[in-house]
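# Architecture and fold: a report
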Amino acid sequence: MIRHIFKTSTWNPTEREWLRAANTLSEPERERISQFMYKRDAKQSMAGRLMMRSCFAQLSGETPESFHLSRDESGKPYIVDPSPSLSSLSFNVSHAGDYAAFAASTTAKIGVDVMKVELRRNTSVQQFFSHMKRQFTDFEWQKIRSPATDRGKLVNFYRHWCLKESYVKAIGTGLKFGLQRIQFDLGDLENGICRSTTVSVDGVLNLNWKFEEIFQDNHFVTIAMGNVEFSPEDRASVKLLNFSDLVVSEDPLSDKFYFASFDEKKELP
């Protein structure tokens, strides 16, 4: 099991770093990243792609830039003509707040979601919740609203949201799967980690699915794993990567305009 995160909010790439990163990707990937209006989104997308390719290289022994990636009908990336070592690989990427997150396994279906615990600007907790009413069951709303403080309510909300997102990403349906069909019964967070949350689908408890919730730096990182049991080696927490973990090649992209067009963007809206 591989679980990686990269803090994009504090990554301020130099020209050489950005061009080295870009040279690891394919032309369609670079073009997609260049379309983002803000640096934050471009950095998150770049980090997600680099984490994917770094994982593929680690497992196969090939170079990160050698993989041909495409997207299925739902927009989920996949490896075209994978080598035998990658043929059973399930992987997923997510980015929000200050982080990009990645998880992969050769033995389980995988979905990952990351969210920062924060309230949207000019919105109260009650207003925010009113827009999300249909996304959770009555049982879940009771748990979400149970803390006395707004902060506690938001923490429970984002726990539930990350669990639902990770699950529907793992099964490959995305949010078109009716979210009220899925109900989570939260386990206890101990030292920022929970592995005891359970899921019921259409009212039936499904113990074939395991969930790992990590809360750190005011973010939840949640990994859904289908048809798997936790083994001792899988109980390590997520690994925080740095740039040198993601990009091995020293060769930069020759097109310096690619960095210039990135560098002129604003960081945030």
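This structure is a prediction, so every number in the text was calculated from the model and none was measured.

## Here's the deal with the overall build of the protein
When helices and strands are tallied, the protein shows eight helices and 13 strands. Here the protein has a C-alpha radius of gyration of 19 Å; the compact-globule value for 269 residues is 18 Å, and the two agree. Taking the principal axes of the C-alpha coordinates as reference, the protein spans close to 55 × 45 × 35 Å. Burial analysis of the protein (269 residues in total) assigns 50% to the buried set.

## Quick word on the sheet that holds strand S10 (residues 204-206)
If you trace the three strands from one edge of the open sheet to the other, you get S7-S9-S10, paired in antiparallel fashion. Looking at the sheet topology across the chains shown, the edges are occupied by strand S7 (182-185) and S10. Taken pair by pair, the neighbouring strands of this sheet meet at an average axis angle of 35°, ignoring direction. Across four bridges, the pairing between S7 and strand S9 (residues 198-201) is antiparallel. Note on S9: the bridge partner recorded for Asp 185 is Thr 198. Strands in contact with helix H6 (residues 150-171) are S7 and S9; relative to S7, the strand with the most contacts, it is inclined by about 130°.

## Structural notes on the packing of helix H5 (residues 138-145) against H6
Viewed as axis vectors pointing N to C, H5 and H6 meet at an angle of 140°, and their least axial separation amounts to 7 Å. Here H5 contributes Glu 140, Trp 141, Lys 143, Ile 144 and Arg 145 to the contact with H6, which in turn contributes Lys 153, Asn 156, Phe 157, His 160 and Lys 164. A per-class count over the contact of H5 with H6 returns three nonpolar, two polar and five charged.

## Quick word on the layout of surface pockets
Empty space within the largest pocket amounts to approximately 660 Å³. Forming the walls of the largest pocket are 27 residues, and the residues nearest its centre are Arg 71, Gly 75, Asn 92, Val 93 and Lys 169. Put simply, the parts of the chain that give the lining of the largest pocket at least two residues each are helix H3 (39-60), strand S4 (90-96), strand S6 (109-116) and H6. Along the lines of polarity and charge, the residues of the lining of the largest pocket split into 10 nonpolar, 10 polar and seven charged. Of the volumes computed, that of the second largest pocket is approximately 460 Å³. What lines the second largest pocket is a set of 16 residues, and nearest its centre among them are Arg 40, Gly 97, Glu 118, Leu 268 and Pro 269. Per-element tally for the lining of the second largest pocket: the top contributor is H3, with four residues.

## A look at the pairing of strand S5 (residues 99-105)
Within S5, seven of the seven residues are buried, which leaves it mostly tucked inside the rest of the structure. The alternating pattern of S5 places Tyr 99, Ala 101, Ala 103 and Ser 105 on one face and Ala 100, Phe 102 and Ala 104 on the opposite face, and all of these are buried. Taken together, the six bridges between strand S1 (residues 2-7) and S5 define a ladder with antiparallel strand orientation. Each residue of the ladder has a partner; that of His 4, found in S5, is Phe 102. Alignment of S4 against S5, held across seven bridges, turns out to be antiparallel.

## Some details on the nonpolar core
Core analysis: the largest hydrophobic core is formed by 36 residues, its most contacted members being Trp 18, Met 46, Phe 56, Phe 91, Phe 102 and Tyr 258. Looking at this core, the elements with two or more residues in it are S1, helix H1 (15-24), H3, S4, S5, helix H7 (243-246) and helix H8 (257-263). At nine residues, H3 tops the list of elements feeding residues into this core. Once residues within four sequence positions are removed from consideration, Phe 91 is found in contact with Met 52, Phe 56, Lys 76, Pro 77, Tyr 78, Ile 79, Phe 102, Ala 103, Ala 104 and Ile 110.

## Some words on the pattern of salt bridges
The full count for this structure, using the stated rule, is 16 salt bridges. The residue Lys 7 makes a salt bridge to Asp 217 at a minimum N-O spacing of 3.0 Å. With Lys 7 in strand S1 and Asp 217 in the loop between strand S11 (209-216) and strand S12 (219-226), this pair connects stretches of sequence that are 210 residues apart. Here Asp 202 ties to Arg 181 by a salt bridge, and the two come within 2.9 Å at their closest N and O atoms. One end of the pair, Asp 202, is in the loop between S9 and S10; the other, Arg 181, is in the loop between H6 and S7, and 21 residues separate them in sequence.

Reading the values: the criteria
Residues numbered from 1 in each chain as written. Predicted model: local features only at pLDDT ≥ 70, side-chain atom pairs only at ≥ 80, totals over all residues. Heavy atoms only, no water. Helix = DSSP H or I, 4+ residues; strand = E, 2+ residues; numbered from the N terminus. Rg over C-alpha atoms; globule rule 2.2 N^0.38 Å. Buried < 20%, exposed > 50% of the residue type's maximum accessible area, 1.4 Å probe, protein only. Pairing = 2+ DSSP bridges. Axes fitted to C-alpha atoms, helices over the stretch in contact; angles between N-to-C directions. Contact = heavy atoms within 4.5 Å. Nonpolar A, V, L, I, M, F, W, Y, C, P; charged D, E, K, R; others polar. 1 Å grid on protein atoms, 1.4 Å probe; cavity = no way out; pocket = protein on both sides within 12 Å on 5 of 7 lines; lining within 4 Å. Points joined across faces, edges and corners; volume = space filled by probe spheres on them. Core = buried A, V, L, I, M, F, W, Y, C linked by side-chain atoms within 4.5 Å. Salt bridge = Lys/Arg side-chain N within 4 Å of Asp/Glu carboxyl O.

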